[in-house]
Structures are given as structure tokens and as C-alpha cells.
Amino acid sequence: MGEFKVHRVRFFDYMPSAIRAMAFQPQREKIAVARTDGSVEIFNRADSFFQDKVIPGQEQVATEALVWVGDRLFSAGLNGEIVEYDLDNNKAKYTLDAYGGPIWAITSNKQGTHLAVGCEDGTVKLFEVCEHGIQFERNLAKQKGRIISLSWHPSGLKIVAGMMDVIRVFDVETGLSVHRLLVERGIGTSRSQECVVWSVVYLSDGTIISGDSSGKVKIWDDHTGTLIKSHQVTKWDVLTLSVSQDETSLVVGTSEGTVVQFQFLSVVLGQDNKEWARTRTFKNHTHDVRAVLEINTAVVSGGMDTQFVVRPLLDKIEEKGPDHTLRKVQFPHRSLVSCAKKAGLLLFQYPGHLELWRLGESDENSSTERVLTVKRNPEKLLHLKIKGQEHICCSAVSPCGEWITYSTVASFRIYRLNCDNNNVSITKISKLPNVLSSANQICFSSDSSHLFVASTCSSVHVVSLNLSGCKLVCTLKPKSGSGQAINLLAASEDGKWLASANSDHEVQVYNLKKMKPHCTVPVYSSGVSAMAIHPTTDNLFMVHADQQLFEYSIEEKKYTDWSRQVQRHGLHSLWLERDTPVTNVTFNPKNPAHIILHDMFMFCIIDQTLPLPENSSQFYNQLTLRSLPEKERKKHSHAFKMCKNFKGVLFVELMEDQSLVVVERPPLDITAQLPAPVRQKKFAT
Amino acid sequence: MKKSGGIQVITFLFSSSLQVYSCSADGTVRLWDFIDGILIKIFTIGYPIFSLYVSEKHAGVIFIIIPMASNKHDESCQLVAVHLPKVPEQEVEARELSAVLCKISTNPGSTAVGQGGEYIASVKDLGLMVYFFRTQKMQRFSLKATDKKGAKNAFTCVACHPKWDCIATGHEDGKIRLWRNFSQKKEYTYSTQHWHHDAVNTLCFTPEGMHLLSGGLESVLVQWHCEEVNKKDFLPRLGGPISHICVSPDGQMYSTSHTDNKINIIHCSLKLSAVIQGLVKGNVWTDLMIDSRTRALVMNGRPGHLQFYSLQQDKQLYSLDIVQQEYINQKGLDQFDVVKAAFNVKGTWLATVEEKGHCASSDLEFSLKLWGYNEQAQSFELNTTITAAHQDRITSLCFSPSTETTMLVTTALDGQFKVWLLGADSEKEQASWSCDYVGSYHGLQPTNCCFSSDGSLLAVSFKEVVTVWSSDTWGLQTTLCQPPGSIRELCFGRLSCSKYLLGTTTNNLYCWNLLTCSLEWSTPVDVCLLRSDPLSENVAAFCIHSGDTDLFVFRPSEPRPLFTQKAVCGGKVQRCVFAPREEPLDSCDERFQWLNRSRLYFLTEQMELLTFSTRVEDERILNSRKQLLVDDSVAVTPFYLLLGKHRQQQEEKQSSVVSQVADRAQLPQASVAVKELLHTPAHVLPAASFLCSMFVNSLLISKAGSREGKEPSEQDMDSEKEEDESEEEMETHDSQQEVRTQGSVEEAPLPLSKAEEKELRRVRKTDFSWVTSLTSS
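Every value quoted in this text rests on a predicted model; they were computed, and no experiment measured them. (Residues numbered from 1 in each chain as written. Chains lettered and ligands numbered in written order. Predicted model: local features only at pLDDT ≥ 70, side-chain atom pairs only at ≥ 80, totals over all residues. Heavy atoms only, no water.)

Undergrad: Could you clarify how one ought to interpret the overall build of chain B in this entry?
TA: For chain B, the helix and strand inventory stands at eight helices and 53 strands. For chain B, buried positions account for 49% of its 777 residues. The long-range share in chain B, meaning contacts at least 24 apart out of those at least 6 apart in sequence, stands at 43%. Carbon and sulfur atoms form 50% of the exposed surface of chain B, whose accessible area is close to 38,000 Å². (Helix = DSSP H or I, 4+ residues; strand = E, 2+ residues; numbered from the N terminus. Buried < 20%, exposed > 50% of the residue type's maximum accessible area, 1.4 Å probe, protein only. Contact = heavy atoms within 4.5 Å. Areas by Shrake-Rupley, 256 points an atom, 1.4 Å probe, with all protein chains shown as cover.)

Okay, here's the thing in C-alpha cells:
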């Protein structure tokens with residue numbers, strides 16, 4: 001397959017932020033994840049937990065809780081506001097101040113008619129969910145002390161609220177407190193500290209389950225208001241609870257990073273006398289688990305260590321398949337890096353700023369060694385801080401390296417970069433066309449003369465760029481008229497074609513010469529995680545979240561023979577079992593048959609001339625091939641050449657000089673930047 | 001309530017009644033009444049039985065583990081249900097077997113009957129099998145051998161919760177898993193608890209199901225709370241590794257049995273309430289010795305300790321901590337242990353050698369310790385510690401028997417023997433030991449040393465050469481050499497034979513006469529062990545002959561053995577000792593006269609302690625055991641036992657005089673008066689003073705000569721009280737036959753032995769005034 005000179009880039013200090021809350025939408029099988037930087041991500045359980053949408057965060061937004069009401073997503077935070085999200089356009093729809101101080105909890109009733117929020121001032125506020133917004137209805141009886149957690153009884157008649165040292169049960173009709181359940185404090189030094197009821201769950205049979213800061217999971221009876229059972233789960237805090245849809249399984253997230261499962265099991269087999277028994281313990285986190293979800297086939301957890309972990313419950317999964325793998329999502333399922341191929345520049349997108357780096361150069365003569373000596377160090381050219389509170393949602397650098405553009409939810413900026421030897425300066429392009437107020441995705445044409453901006457309703461604005469300024473050429477709109485936001489754009493090398501993919505899995509191809517839609521690729525069940533147009537053949541190469549590969553001939557408007565062969569033959573099981581999606585596709589101009597893909601753990605070159613691997617054959621066969629004599633290699637080699645030398649790959653691109661840029665962010669570096677976890681006694685220490 | 005011992009006996013409490021089943025490898029299941037010690041029934045199965053389980057729900061059925069019938073080489077076993085036929089005969093053949101589970105482990109702890117007898121669970125290797133009787137279905141769950149974290153998941157034991165459907169399994173890496181919902185193939189679930197650092201040996205639920213008890217190598221009893229899994233209580237330092245735990249049916253008492261032959265009775269509040277300690281089994285490095293003060297057998301006990309074991313009472317008197325370091329219960333650690341020990345003749349001094357590195361080739365560390373007996377404290381106290389007594393390992397040590405000086409000789413692999421003397425008491429300090437003389441012979445390594453009976457001569461063997469030294473001047477007197485073969489053991493004759501020196505090599509037994517300094521006689525036998533009786537001229541020699549060990553007893557003066565016993569036991573005899581008797585027997589049979597002054601005990605490869613006894617002794621032991629059989633109808637009180645003693649006395653008298661016609665049916669004459677006293681209701685009873693004289697009269701025997709005295713009766717009472725408390729365990733010990741009688745001597749029953757006569761005479765002299773004081777009060 002040949003050797004590459006690799007720029008091993010480790011100066012992208014990307015730091016994901018901690019997961020604060022999660023909510024599950026069982027009908028659509030979507031999981032909403034709120035992070036501490038205010039961003040909300042939507043994962044699709046049905047589509048291999050692909051990150052469908054990302055709603056960028058804001059400064060000084062501390063989301064505390066999330067809730068789904070039907071298909072609508074609401075969040076509430078310590079700034080005292082309730083936010084409803086516009087999931088079509090990946091932004092907040094509106095915010096509403098609840099006037100109760102910081103909000104700790106938000107929940108909806110099962111009927112989907114009302115929202116309840118728990119506020120710092122001790123009130124539980126009920127909001128009516130209307131078609132276009134929410135409307136404050138009334139307060140329940142005001143209590144002393146803050147409301148930390150809330151849970152609505154499935155009948156909608158009662159609400160249980162976790163507070164400091166007490167749990168209260170409210171009658172929704174009258175708004176009065178029916179029960180006051182006293183929660184005992186921890187022993188020892190924590191006796192003087194108030195016991196915080198971090199999480200409560202109200203089951204349909206009238207059982208209330210609470211998790212508190214003394215490390216106990218308590219099971220209460222709401223008829224009598226008495227404690228049935230108490231389980232000491234941890235020495236530290238029990239932070240979060242989640243019960244399965246059928247109320248037979250409960251998962252508990254703790255400060256120790258463990259997730260403990262409780263199951264509602266019959267004490268004697270075959271009899272109805274059941275009780276909650278502690279069963280399994282999962283330890284996938286190093287830090288606080290701030291949010292857990294029991295979604296029937298898996299336990300999903302997230303916390304301070306920024307990882308989104310899906311632990312499958314094998315007893316609930318019928319057949320072996322991709323659902324069986326333990327998934328850890330650490331990086332977003334989209335590229336945060338853009339590359340100016342010709343100029344050798346890399347643009348890194350952080351939530352609040354952009355960084356532009358020039359790649360270093362190596363001493364070619366010392367190529368006998370595995371590691372080349374660096375002749376010129378990589379150089380940070382630019383640190384661009386954005387104005388305003390919103391975080392960047394997308395950014396791009398032009399292939400020539402002269403233009404930089406980014407967008408937040410509220411604003412859109414284009415800068416021209418002037419490089420005079422060592423003097424780097426940027427000038428902001430003023431007088432942008434009015435339609436360019438925000439973008440979901442930005443892409444430059446290969447000759448840097450045009451800019452493609454994905455906007456609302458899957459439309460793409462084509463903007464021409466020149467020294468004098470920029471001008472809107474036209475707006476491309478898909479025939480289908482889908483309202484979903486575009487998450488991927490790909491322009492062809494010759495400037496003739498543009499492909500866009502949206503979160504409805506639709507892929508639209510536009511003819512840029514005629515400025516109108518060319519064709520629509522047949523919709524596949526899984527979302528597109530990466531795509532690119534081949535520079536010579538003009539084939540659109542797409543990789544989906546379920547790891548399937550498609551190649552679509554734009555000119556002939558059909559799948560290519562190779563793509564059909566892949567579908568007929570099927571992919572190797574080891575390829576399908578990988579747990580992170582491919583986030584970038586690029587081509588080798590020297591060898592048109594080579595396609596370079598990467599995910600978080602590997603990059604791979606697909607040679608379309610070689611046969612596809614049989615399921616029985618060895619998939620990772622490079623080492624074996626190396627040991628074989630030259631003649632036999634042909635017989636054993638197959639299309640997939642995998643490279644796993646890098647950890648935490650964020651971006652792979654082949655530069656014009658045939659050198660490979662690999663941007664990696666080792667997970668250990670992220671762990672090193674996390675705060676210290678809670679102290680735990682280890683055996684023999 | 002478990003017994004386990006020589007013939008693989010495991011008994012199981014039949015919860016509702018006072019009966020107990022036991023099974024053994026001879027293919028029988030026996031039903032016992034354990035209060036009375038009566039064998040009720042014998043069921044013959046016909047296969048070796050490894051374990052036995054009963055459940056209340058399955059009346060008339062027992063579950064036993066027998067080998068798979070098909071293949072004898074196969075070690076796997078099967079669990080079969082046996083329907084016990086209901087027939088009145090005592091000995092019944094039970095042939096109605098039906099297989100329940102196949103390929104299971106022989107270990108009794110790896111199978112358990114579940115809640116209400118609904119199912120039976122068994123573990124083997126990496127699999128858990130649960131058989132449901134109602135649905136007649138079996139569920140099989142298996143674990144991976146290891147996971148990423150290097151866990152060893154093999155199962156070691158299982159226990160079933162008595163009330164819930166919950167199975168606890170113990171694992172090799174110390175984890176305990178609690179399985180639930182195991183009727184489902186896929187939706188079963190388990191939780192894992194981890195405290196033990198080594199394999200969990202045994203698990204047991206309390207009858208109410210509140211607690212789970214576990215134990216293992218750590219020798220810590222762990223009590224887990226079923227309701228609150230994180231909470232657990234510990235009872236540490238119980239002894240050796242825990243091998244079994246069981247709980248009394250009312251849940252009040254736990255008992256743990258340990259691999260070092262110990263049973264602890266523990267109250268459920270985790271307070272140790274009683275200890276039953278037999279002879280501690282383990283590595284024996286030291287010789288067997290007799291402590292002349294307590295007449296106890298002294299040998300290695302718990303690691304780092306010497307145990308003082310009473311041969312008469314079959315129990316450990318105490319354990320002397322020699323190493324004085326905390327023993328760590330973990331495999332593969334190299335820790336100090338006592339390897340050599342010796343008493344001086346009076347029993348006032350004890351010399352010990354402790355060593356580290358005797359198993360591995362790691363650095364050898366050893367020290368010599370000398371212990372003096374403190375009369376006030378009634379125990380041995382450390383007097384002197386010599387850390388580097390020699391350059392290399394000490395091979396033997398012995399005290400001088402002479403009464404004038406207290407002298408110790410040690411020999412070591414560094415080619416030297418050293419003489420240690422006790423210094424004089426000064427005002428400030430206690431006398432301590434110091435080296436007096438260092439001897440060597442041509443740089444050869446000394447292996448054995450031995451003092452002559454008067455202490456004037458010391459014999460030290462250097463390979464093939466025996467050197468004899470004068471203990472006064474430390475001059476080399478003579479050398480004796482009889483190649484080929486290096487000397488294995490040395491031994492001086494005693495009493496009239498003290499001029500003889502015995503030595504063994506791999507092929508020969510030599511006897512030298514020290515007056516002539518010449519070989520008196522030699523015989524070609526492979527003697528592995530040579531011991532002389534300190535109270536007589538006799539010498540016992542154990543010889544290996546085609547896998548078995550033969551015993552010869554002889555006098556050095558004549559090469560003809562006094563007594564021979566072929567094939568005393570299989571394998572090599574490890575150690576032996578002559579234990580002096582308290583009172584010499586006078587056996588007239590010539591063959592057994594060597595047993596008159598002292599008794600020979602020896603230790604086999606299986607760590608069984610065996611001895612020789614005569615017929616008379618056997619009978620005495622049997623009689624003492626009969627005392628245990630008590631009538632159900634009468635409550636066991638000290639008063640009753642007093643009566644029982646009296647009754648037995650009567651019987652004995654009758655049996656000795658009226659030639660064994662006496663039977664238990666024949667009641668003592670005074671029983672009418674006693675019955676009247678006991679059976680009349682209290683409110684119609686005449687005044688106690690009136691009855692008293694009648695009662696006392698009934699106790700008195702017309703011939704005031706055959707009554708036992710006050711002292712022995714009190715002693716017996718005490719011992720009987722103890723026996724009451726632990727009646728079952730007493731039997732356990734008997735069946736474990738630490739002291740197994742062997743080679744019973746053919747001897748005609750005498751009308752009255754001299755010893756008995758003597759006792760009778762003593763009894764006659766004793767004062768009975770206490771009885772009158774009792775009546776007057």
C-alpha cells in the first residue's frame with residue numbers, strides 16, 4: 001500500500017465538556033444529552049447511537065435537566081430559564097424565565113400536557129404545554145429549601161419532589177403536600193451536612209425510589225409514607241436514577257463512577273411477591289456519573305469524564321449484532337478540523353475560538369529512521385476569539401488558505417487572511433448578504449472561489465468570494481422540501497457538483513453549473529456520517545453510521561458496480577462491529593482507486609481494485625502479509641488496509657505533497673485534564 | 001453439623017427430628033439418633049458415596065453423590081435421588097436410584113438444595129447447574145474462565161437461600177456471586193461481592209436468610225447482610241483456613257471447621273463461644289516430644305507455634321508461640337516456622353530453632369531460642385535468642401541428661417557442633433545461655449548428636465564417622481566408623497544397656513559397645529526411625545519394607561527383637577515417641593511387656609497419630625464411653641450423673657464378681673427410694689429431712705469398700721459436663737481417631753488388676769464426711 005509521511009498533529013487540545021443530563025424519547029428512540037457548556041446533542045439509538053444533531057451551547061448556560069414532551073425537547077438550567085429547542089434547525093426555539101431562581105429539575109407528565117420545574121426558592125411550578133410554547137399555570141405549595149429533583153406519577157395526579165433532607169409528595173389537583181418523607185443523613189462527618197436528594201423516581205405502583213448524597217438508594221411506599229428498604233450503594237453520592245419503561249429495572253449513577261443496576265425480581269420464582277434487588281455493577285467511568293438512562297436494551301451513562309457510554313444488557317438483546325458492543329462516545333461524530341490542502345494550514349474549531357496552525361516541515365534526508373526530525377516547528381498563526389455568547393457551530397478554511405469562515409447560531413463571519421512572511425493579519429468581510437445570518441455547515445469550493453453555506457430548510461446558499469467582497473449567487477433548494485438541517489456538504493474537485501446530506505438521511509446532489517438540483521440519492525435507513533465526491537470519477541462516496549459504504553455515480557445517477565458488489569458481498573463482521581462512525585472521507589489523487597477513511601481508533605485505505613474480504617478471512621492482515629513472500633501476498637490481500645497506530649484520531653487528510661496529516665487527541669490527555677475523582681479505597685493500598 | 005474424617009463421613013441434620021444421616025465411602029447411609037448415639041438404620045447403596053443431601057419437602061428421599069457408573073477412570077460424579085424403603089429391618093438395601101444431575105463435583109460444598117426443596121444447584125469448574133424438581137428442567141449457566149481484569153471465575157462452592165430464590169456461589173478469586181431469576185435462560189442476573197483475597201471455601205446461609213456466611217484461606221468468618229449487601233461483619237484470626245461453616249437450625253450458633261483440625265462454636269453475635277481443638281495437622285518439622293510436666297505431646301502446631309497436646313484427653317492443652325510474629329494467611333509466602341525443638345530431662349528448658357526459607361531456595365534465616373519454665377506464670381518464657389548460632393542450617397540439637405549442668409549441643413551444616421551452657425544467675429539479670437565449646441571433625445558436616453544416659457559422653461556423627469566426646473573435657477574419646485553409608489540416626493541405650501550406642505545407615509543397624517569400642521552386632525535392615533524408651537532398655541525401630549513400615553522393638557544387649565509388628569501402616573512413619581505411663585502396667589504377657597512402662601506413639605504420612613495398646617486399656621476406654629449413654633427419661637443434671645456413677649459402679653462390681661451377667665436392665669437396689677423421691681409430686685412429698693436419711697442410705701453400699709472417692713468422681717463429673725456440651729463433637733474426635741488403638745493385645749480378663757485393687761484400697765481410705773454435711777444442711 002506504500003508508505004506515507006505523516007504529520008502527527010497533537011496540538012489540537014480539544015476538550016469535550018462533561019455530561020450533565022440525559023433524556024430518552026422512547027418512540028423515536030432518541031437520547032438527548034446536555035453538557036455543561038450548554039450544548040445539547042441528540043443520539044439516535046436506532047441508528048447505532050449516531051450523533052444526529054448538535055445544538056451548540058452558550059456561555060453561562062448551566063443546563064441542569066432535560067425532558068422530552070412528545071417530540072419536543074425542553075431544558076432548564078441554573079440561569080432560571082426554560083428552553084425549548086428547535087430540533088429541525090439545531091438551535092434554541094425560545095427561552096422563558098420561570099421567575100423562581102435557579103431551576104434544578106424539570107419533568108413532564110406522561111400525558112404530555114404539563115411541565116413541572118423545581119426551583120431554588122422551593123416552588124414547584126406547573127407549565128401548560130401549548131402548541132407553540134408553554135404557559136405558566138400555577139405553583140404547588142411553596143416549601144422551605146430548594147427542590148432538587150422531581151418525578152411525576154404516571155397517572156399525573158401526584159408529584160414527588162426531592163429536597164434537602166426531605167422528600168415531599170404533592171397532590172397536583174390541590175397543590176398541597178401530601179407526605180413528608182424524612183431522609184436520614186450520612187454517618188460520621190457528613191452528619192452535619194444536609195442530605196441532598198439528588199434524584200427521585202415515582203413508579204406506577206406507588207413506590208418512590210430516591211437516591212441521595214449519603215450514598216443510599218431508598219425505596220418508599222407513598223400510601224403510608226414509609227421507608228420500605230434502603231440500599232447503601234456507595235460511600236459518596238448517588239447522583240441519578242433511571243427506571244426502565246416496564247419498571248422492572250432501575251439504574252443508579254454514583255460519584256464513584258459506578259452504575260448499579262437494581263431489578264424488580266420475585267423473591268420466590270413464579271410468585272408475585274417481588275422486591276428490588278441489587279444486581280449488577282458497571283464501572284465504565286472514572287468520575288461522577290451525572291446522568292444514566294435505562295433504555296431496555298442498554299444502560300446509557302455519562303458524567304464528568306465526558307464520555308457517553310452505552311453498556312448493552314445482553315439478556316435483553318435477541319441476536320448478536322452491533323447492539324452487543326460496549327460503546328464509548330468521546331468525540332463528536334463530525335469533524336472539528338478543516339484543512340487548507342494547498343497552503344498546509346489546519347483550522348481547529350473550539351467552542352469559543354478558532355485556531356489556525358501551519359504544519360511543520362521535516363528533514364527529508366533523515367528518512368532512514370521511523371521518526372523524522374522536524375526542520376520547522378508547526379506554528380500557531382491565529383487565535384480567533386468569537387464575539388457574543390453563542391458557541392461556534394461550524395467553521396471552515398478555504399483550500400488556498402486565504403479565507404476563514406465560521407458561524408454561530410446568531411452570526412456568520414468571513415475573514416480574509418493576509419500572510420506577509422511572519423505577519424499574519426485578518427480582515428473581516430463586511431457587507432455580507434442578508435441571508436447569511438447563520439449556517440449549519442460551511443464548505444469551500446476547491447478553487448476557493450465559492451462558499452457553500454447550509455442554511456435552514458436544507459437550503460444551500462452559494463456565495464462567490466473575491467477580493468472586493470462576497471456576493472450571493474443563488475440559493476439551492478431540494479425538491480423534497482425537507483425541513484431538517486444539513487449536516488454534511490461535499491463539493492467536487494472540478495467545481496461542478498455539490499452534495500448535501502441532512503439529518504433525515506437525505507442526500508441531495510446539485511449541479512453547480514446550472515445551479516439547480518441534479519438528483520437525490522436513494523434514502524438509506526442510516527444517517528450519513530461522512531461523504532466526499534471523487535476528484536476524477538465524480539462518484540459520491542458515502543459512509544453511514546451503521547458502517548455501510550456506498551458509492552454513487554452522480555453522472556449516471558445510480559450506484560456504481562463496486563457499491564453494488566459491496567452490498568451483495570457484505571462487509572466483514574469486524575468492520576461492522578466497530579463502535580465509532582467514520583467521520584471523514586478523502587481520496588488519493590495519485591491513485592484514484594484508493595479511498596482513505598478514518599474513525600476515532602483507526603484510519604483505513606480502501607483499495608477498490610482488490611477483492612473484498614471474506615467473512616472467514618483475517619481482517620487485520622497487514623502483519624501477516626508482511627511476513628509472506630511477495631508472490632503470495634496478492635492472494636491474501638483484500639481491499640481494507642487498516643492502520644491502528646493512532647489513538648483518538650480526530651482528522652485525517654492527504655495533502656498535495658502526498659503527506660498524511662493525522663490529528664490525534666489521545667484519550668489519556670483528556671483524562672489528565674479532568675479534575676481529580678473522589679477518593680476510593682483500593683485493596684492493598 | 002458435619003463430620004468428616006477417615007472414612008469420608010458427612011452427616012446431615014434431618015431438621016425436624018433428632019436424627020441424623022451419615023454416608024460413607026463404603027456405600028452405606030446410616031440413620032442415627034445423635035442424642036443417644038444409637039444407630040437406627042443402615043441403608044446399603046452399593047456405591048461409594050461422597051456426599052448426602054436431604055430436604056424436608058422430599059420425604060423418604062435422599063440425594064447422594066456417587067461416581068458415574070459408566071467409567072471408573074472418570075472422576076466426575078452424579079447426583080442421584082434414593083428412595084428409602086420403609087421397612088422395619090435395621091439393615092435395608094436401597095436400590096431405587098434415579099439420576100438427577102450428571103458430571104458434578106465430589107466436593108460436598110459444591111451442591112446445595114434450594115428454597116423449599118424446589119431445586120438443587122451444583123457447581124463445577126466454570127458452570128452452575130440448577131435442576132428444578134417441579135418442571136424437571138435444568139438450567140446451566142457458565143462463566144468465562146478469565147476476563148480482562150484477570151479474574152479467576154471457577155466456582156468453588158454454592159449455597160441456596162432458605163427463603164428466597166437466590167443462589168450464592170463462591171469463586172476461586174474470592175468473589176461471591178448472588179444469582180437471581182435463574183429460572184430464565186437469558187434473563188438471569190447476578191450481583192458480585194468481593195472481599196476474600198483467595199478462593200472462597202465455603203458458604204452458608206443462616207436459617208432465616210438474614211445473613212450469608214463465607215470463609216476461606218484468610219481464616220476470617222465473614223457475615224454478609226442479605227438485605228444490605230455492602231454491610232458485612234468479620235470475625236478474624238480463627239485458626240487455620242476455614243473449610244466448612246454450618247449454622248444451628250435456630251440460627252443462634254455458627255460453627256466453623258478448619259483445616260488444622262479445629263472447630264469453633266460461634267454465637268450469632270460473632271462472639272467465639274467454644275473451641276474444639278484436636279491435634280493440629282500441618283507440617284511437622286520437629287520431633288515428637290513429651291513434656292514431662294504435663295505429659296503432653298509436643299510438636300509443631302499452628303504455624304510458628306508448638307502445640308501441647310494431651311494424649312489422655314485428646315485435646316490441645318495450649319499452644320506456645322515460638323516465632324512471635326503475626327502469621328499471614330496467604331499462599332506462597334515464606335514465613336518463619338519452628339523446625340527443631342528439644343526439652344531437657346526435667347522439662348524446665350526448651351530449645352527451639354525457627355527457620356525461614358526452608359521451602360524455597362531463598363535466603364535462609366534462622367534463630368535458636370531457649371525457653372525457661374516459669375513456675376509462677378506456669379508457662380515457658382523466652383530466656384535467650386541466638387540469631388546466628390551457626391553459619392548454616394542447624395541439623396540437630398539435644399540437651400545433656402546430666403542433672404548437674406544444663407547443657408545444650410547443636411550441630412549444623414557449617415561443620416561445627418556447639419555446646420551451650422546456662423550461665424549463673426546474677427543479681428541484676430537472669431541467667432542466660434552462651435556458647436561454651438565449638439567442636440569439629442575434619443571439616444565434615446555433623447548430622448546427629450546424642451548424649452549417653454548419664455550425660456558423660458556425647459556422640460556426634462559426621463557422615464560415616466561417629467565421634468564420641470567426653471562432656472567434661474571435650475576431648476575426642478574415640479571414633480567409630482562402619483562404611484559404607486553415612487549415619488542416619490544415633491541413639492544411646494538406656495539403663496542397663498547404656499554402654500551401647502546404636503546407629504543406623506541406609507542399609508544397616510549397628511550396635512557398638514563403648515566399653516570395648518567395637519561393633520557388638522549389626523543387622524541389614526533399612527531403619528528409618530530409631531527411638532529409645534527413656535524408662536526402659538527398649539528401643540523401637542521402624543523399617544521400610546516394600547511400601548509398608550514394620551516395627552521392631554529390641555534391647556541393644558541382644559540382637560533378637562522383643563516384639564515385631566509387620567506392616568504397622570502404609571507409607572513411611574514420620575515421627576515416633578515413647579510416652580511414659582502415669583502408672584506402669586504389669587502385663588504378664590511377655591510380648592507386650594515393652595508397653596508396660598511407656599506407650600509408643602507414631603505419626604504416619606497421613607498425619608495420623610497411632611499408638612499401641614493392650615486389651616485392658618481398650619476395655620477401659622469402652623467403659624468410659626458407655627457413660628455417655630444416658631436414659632432419655634431423666635434430665636441430665638450433676639445429680640443424675642452422680643447417681644449414674646453410682647449405678648455404674650454397681651454394675652461394674654456385679655460384672656466383675658458375678659461374671660458378666662450384669663446388665664443395664666438390672667436396676668440398682670436403691671432405685672426404689674430414688675424413684676419415690678423423684679416421681680412423687682412435690683406438694684405431697686414429706687419433709688426433706690425425713691427423706692434425706694433414706695436417700696443417703698440408698699446411696700451407701702453395705703460393703704464400704706467398692707466406692708469411688710471424692711477426687712476422681714469430681715474429676716469425672718467435670719469431664720462429663722464438658723462432654724455434655726459437645727457430645728457430638730466428642731464423637732467426632734473419636735471417629736477421627738487421632739488416637740486410634742491398634743494392635744489390641746490378646747489378654748485374658750483378670751478378675752481384678754493390680755491397679756484396680758490399688759484404687760479400691762485408696763477409695764476405702766477416703767473421707768465421706770462431706771455426705772453427712774450435705775444431709776445436715
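Still to come is the rest of the account.
Undergrad: Which parts of the structure should I look at to understand the sheet that holds strand 4 (residues 40-44) of chain A?
TA: Two orientations exist for strands paired in a sheet by backbone hydrogen bonds: parallel and antiparallel. Residue and element names in this part refer to chain A. Reading across the sheet, the four strands line up as 2-3-4-5 and stay open at both edges, with antiparallel pairing between neighbours. Only two strands of the sheet have a single partner each, and these edge strands are strand 2 (19-25) and strand 5 (50-55). Looking at each pair of strands side by side, their axes are set apart by 20° on average, direction ignored. Of the strand pairs in this sheet, strand 2 and strand 3 (residues 30-35) are connected by six bridges, and their pairing is antiparallel. (Pairing = 2+ DSSP bridges. Axes fitted to C-alpha atoms, helices over the stretch in contact; angles between N-to-C directions.)

Undergrad: Got a minute to help me understand the nonpolar core in this structure?
TA: As a rule of thumb, nonpolar side chains are buried together in soluble globular proteins. Residues and elements named next belong to chain A. Residues Phe-541, Leu-549, Trp-575, Val-585, Leu-597, Ile-606 and Phe-640 are the most contacted members of the largest nonpolar core, which totals 22 residues. Those elements that place two or more of their residues in this core are strand 48 (528-533), strand 49 (539-544), helix 1 (561-569), strand 52 (584-587), strand 53 (594-598), strand 54 (603-607) and strand 55 (640-643). Apart from the residues within four sequence positions on either side, Leu-597 is in contact with Phe-541, Val-543, Leu-549, Trp-575, Val-582, Asn-584, Val-585, Phe-603, Cys-604 and Ile-606. Cys-339, Leu-346, Tyr-350 and Leu-359 belong to the second-largest nonpolar core, a separate cluster that totals 20 residues. (Core = buried A, V, L, I, M, F, W, Y, C linked by side-chain atoms within 4.5 Å.)

Undergrad: Quick question: what am I supposed to make of the interface of chain B and chain A here?
TA: Where interface size is quoted, it is often the accessible area lost as the parts come together. Of the residues lining the interface, 21 residues belong to chain B; the matching set on chain A comes to 22 residues. Regarding the contact of chain B and chain A, the summed buried area is about 1,700 Å², with carbon and sulfur atoms giving 53% of it. Here chain B and chain A share zero salt bridges between them. Inspection of the region where chain B meets chain A yields two residue pairs in polar contact (both at pLDDT 80 or more). A total of four residues in the side of chain B that touches chain A trace back to one element, the largest contributor, which is strand 17 (residues 189-194) of chain B. Of the residues belonging to the side of chain B that touches chain A, the class tally is six nonpolar, eight polar and seven charged. (Buried area = accessible area lost by both parts, 1.4 Å probe. Salt bridge = Lys/Arg side-chain N within 4 Å of Asp/Glu carboxyl O. Polar contact = N/O pair within 3.5 Å; in protein donor to acceptor, adjacent residues only side chain to side chain. Nonpolar A, V, L, I, M, F, W, Y, C, P; charged D, E, K, R; others polar.)

Undergrad: Explain the side chain of B:Thr28 to me, please; I cannot follow it from the model alone.
TA: Residues and elements named next belong to chain B. Tracing the backbone shows Thr-28 in strand 3 (residues 28-33). A polar contact is formed between the side chain of Thr-28 and the side chain of Arg-30, at a distance of 3.4 Å. Aside from chain neighbours lying at most four places away, what touches Thr-28 is Ser-22, Cys-23, Ile-42, Phe-43, Thr-44 and Ile-49.

Undergrad: It is not clear to me how the side chain of B:Gln115 should be interpreted in this structure. Could you clarify?
TA: Counting through the fold element by element, B:Gln115 comes out in the loop between strand 10 (111-113) and strand 11 (119-124). Since its relative accessible area comes to 12%, B:Gln115 is described here as buried. Not counting residues within four places of it along the chain, the set of residues in contact with B:Gln115 comprises A:Val268, B:His161, B:Pro162, B:Lys163, B:Trp164 and B:Asp165.

Undergrad: What should I look at first to understand empty space enclosed by the protein in this one?
TA: Which parts of space are left empty comes out when a probe the size of a water molecule is rolled across the atoms. Residue and element names in this part refer to chain A. This model, assessed by the stated rule, comprises 11 cavities of 30 Å³ or more. Estimates place the volume of the largest cavity at around 110 Å³. What lines the largest cavity is a set of 15 residues, and nearest its centre among them are Phe-331, Pro-332, Thr-583, Met-600 and Val-649. Here the lining of the largest cavity is built from residues that sort into seven nonpolar, six polar and two charged. (1 Å grid on protein atoms, 1.4 Å probe; cavity = no way out; pocket = protein on both sides within 12 Å on 5 of 7 lines; lining within 4 Å. Points joined across faces, edges and corners; volume = space filled by probe spheres on them.)

On their own, these measurements won't tell you what the molecule is for.
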